[in-house]
Every structure is written in structure tokens, then in C-alpha cells.
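Tertiary structure, described
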Amino acid sequence: SYETGIFTISKSGSLVLTANGYEGEYDGESHAASASASVTEGTTISYQVGNEEWTTEAPSIKDVGEQKVKVKAENANYETASTTVTLKVTPKAVTVTADNKSKTYGEKDPELTATVSGTLDNDTVSYTLSRKKGEDVGTYTITPTGEASQGNYTVTVKDGVLTINKKQITLKSGSASKKYDKEPLTNHTLVLGDDI
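Residues numbered from 1 in each chain as written. Predicted model: local features only at pLDDT ≥ 70, side-chain atom pairs only at ≥ 80, totals over all residues. Heavy atoms only, no water.

1. Remarks on the side chain of lysine 72
Note on placement: lysine 72 falls in strand β7 (residues 65-75). Non-local contacts of lysine 72, meaning those with residues more than four positions away in its chain, are made with Leu17, Thr44, Ile45, Ser46, Trp54, Thr80, Ala81 and Ser82. (Helix = DSSP H or I, 4+ residues; strand = E, 2+ residues; numbered from the N terminus. Contact = heavy atoms within 4.5 Å.)

2. Focus: the sheet that holds strand β16 (residues 160-165)
Pairing is mixed across the open sheet formed by four strands, whose spatial order is β10-β16-β13-β12. Since the sheet does not close on itself, it has two edges, and those belong to β10 (101-104) and β12 (128-131), each with one partner. Recorded for the sheet is a direction-independent mean angle of 20° between the axes of neighbouring strands. Alignment of β12 against strand β13 (residues 138-145), held across four bridges, turns out to be antiparallel. When the sheet's bridge partners are listed, leucine 129 is paired in β13 with proline 144. (Pairing = 2+ DSSP bridges. Axes fitted to C-alpha atoms, helices over the stretch in contact; angles between N-to-C directions.)

3. A look at the environment of threonine 43
With respect to the secondary-structure elements, threonine 43 resides in the loop between β4 (34-37) and β5 (44-49). The spatial distance from the C-alpha of threonine 43 to the C-alpha of asparagine 75 is 4.6 Å, given a sequence separation of 32 residues. Dropping the residues within four chain positions of it, threonine 43 is found in contact with Leu15, Ala37, Ala73, Glu74 and Asn75. Among the polar contacts made by the side chain of threonine 43, one reaches the side chain of asparagine 75 at a distance of 2.9 Å. (Polar contact = N/O pair within 3.5 Å; in protein donor to acceptor, adjacent residues only side chain to side chain.)

4. Examining the side chain of glutamine 48
Of note, glutamine 48 is situated in strand β5. Overall, the relative accessible area of 12% leaves glutamine 48 in the buried class. Polar contacts involving the side chain of glutamine 48 include one to the main-chain carbonyl oxygen of glutamate 52, which spans 2.8 Å. Once you skip the residues sitting within four places of it in the chain, glutamine 48 turns out to touch Glu53, Trp54, Lys68, Val69 and Lys70. (Buried < 20%, exposed > 50% of the residue type's maximum accessible area, 1.4 Å probe, protein only.)

5. What about a negative patch on the surface?
The grouping of Glu25, Asp27, Glu29 and Asp121 at the surface amounts to a negative patch. Summarising the element assignment, glutamate 25 is placed in strand β2 (residues 22-25). The class of glutamate 25 is partly exposed, set by a relative accessible area of 43%. (Patch = residues over 30% accessible without salt bridge, like charges linked within 9 Å, V, L, I, M, F, W, Y side chains within 5 Å. Areas by Shrake-Rupley, 256 points an atom, 1.4 Å probe, with all protein chains shown as cover. Salt bridge = Lys/Arg side-chain N within 4 Å of Asp/Glu carboxyl O. Lys, Arg positive; Asp, Glu negative; His and termini not counted. Charge placed at Lys NZ, Arg CZ, Asp CG, Glu CD.)

6. Here's the deal with the sheet that holds strand β9 (residues 92-98)
Taken together, the four strands give an open sheet; going across it, the order is β11-β9-β15-β14, and neighbouring strands pair in mixed fashion. Whereas interior strands pair on both sides, the edge strands pair on one side only; in this sheet they are β11 (114-117) and β14 (149-150). Where β9 lies against strand β15 (residues 153-158), six bridges are found, and the strand directions are parallel. Following the sheet pairing, alanine 93 is matched in β15 by threonine 154.

7. Structural notes on the nonpolar core
The biggest cluster of nonpolar side chains holds 24 residues, and the ones touching the most others in it are Ile45, Val69 and Val71. Sorting the residues of this core by element identifies β1 (17-20), β5, β7, β8 (78-90), β9 and β15 as the ones contributing at least two each. Of all the elements, β8 adds the most residues to this core, at five residues. Apart from residues no more than four positions distant in its own chain, valine 69 is found in contact with Tyr47, Gln48, Val49, Pro59, Thr83, Thr84, Val85 and Leu87. Residues Ala98, Tyr140, Leu162 and Ile164 belong to the second largest nonpolar core, which totals five residues. (Core = buried A, V, L, I, M, F, W, Y, C linked by side-chain atoms within 4.5 Å.)

Here it is as C-alpha cells:
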């Protein structure tokens, strides 16, 4: 007599999944997760971010933030291989430096400006400028003010200086005359010029 038996081929546990995330400073570019499997034929690699649906399209990150990405490799002949990678973008450093300014005593303040270094393309950061009060001759600190964390940037500020210079004045001699009488001329005067 003969009885039928069963020949079972079990899934192999040798499928190796290699996945890569990304970590770097904001550069205005998108950076995607990537993965590969030791067996390519018949293997499907899928990704999941949070509780979203699994997809074969690798997720990417551009703006500052962090994402955990689950990755799995599936093949009918192999045990599913899985892992988790991280996509992370950190803020880029930006410096706002108040420009040095000067004026002459008695004049109106010049427009306060600053130089921004570190932003990309047409990106901007927000700040205001003010100076220490005072109108006498001397130096006064110009201070930029703004949020340290602004989207994709971490902003630091550097002070500038407003210098108030002395005003130039002139003295003009007055005129006087008299008939000669051997006595000194006593009503000669000095007067301030028109530019004071």
C-alpha cells in the first residue's frame, strides 16, 4: 500500500533588508529614505510613516523636523524582514548683524539696517532694530531683536554701533571801524557762523 505524504518548503529566513534614513542640517532639498533587499526577484519593499498606509514610494523630508519610518521587505519565499529608520532635518544657523551707522550731532538718525547671513534662496527671517536712547556725542548700541527659532532656521543676533559725531561750528569775526584817534579798537567781536 502507498500513502501520500507532504513535502513542505518553508520560507527562508535569509532575506536581509538594508535601510537608510537621513539626518542633516536644512539645505532646502528633499531627502528620502532608501532600502534594498539581499534578494531582489519577487521582493517588494514598503514604507510607513506613523499610522499612514504602507506604500512602495520612499518618504522624504525637507523642512526641519523628524519622522520615524518603518520599512519592510516582503517575498513569498522568505520571512518578511523589517526595520525602522529616521528622517531628521535640523535648523540651519542664521546670523543677523546690525550695520554700524553714524551721524552728526543734531541730525536725524539714519535708517537702521542689518545684514542677514545664512538664509537660502529667497528665505527670510523676522527681526526688528532699535538703538540705545541718547542724542549727545558718543556711541550707542544698535540691537536686533527676533525669535531665536524661526522655521528652518536658528537665528542669532549681533549688535552694531551708532556713532554720533561732533558738529562742526565756525566763528566769524565781526567788523568795526572808527576814525584814527590813537586808541585801540574795542568793539571788535566774534560771532557764531550760520551752520550751528
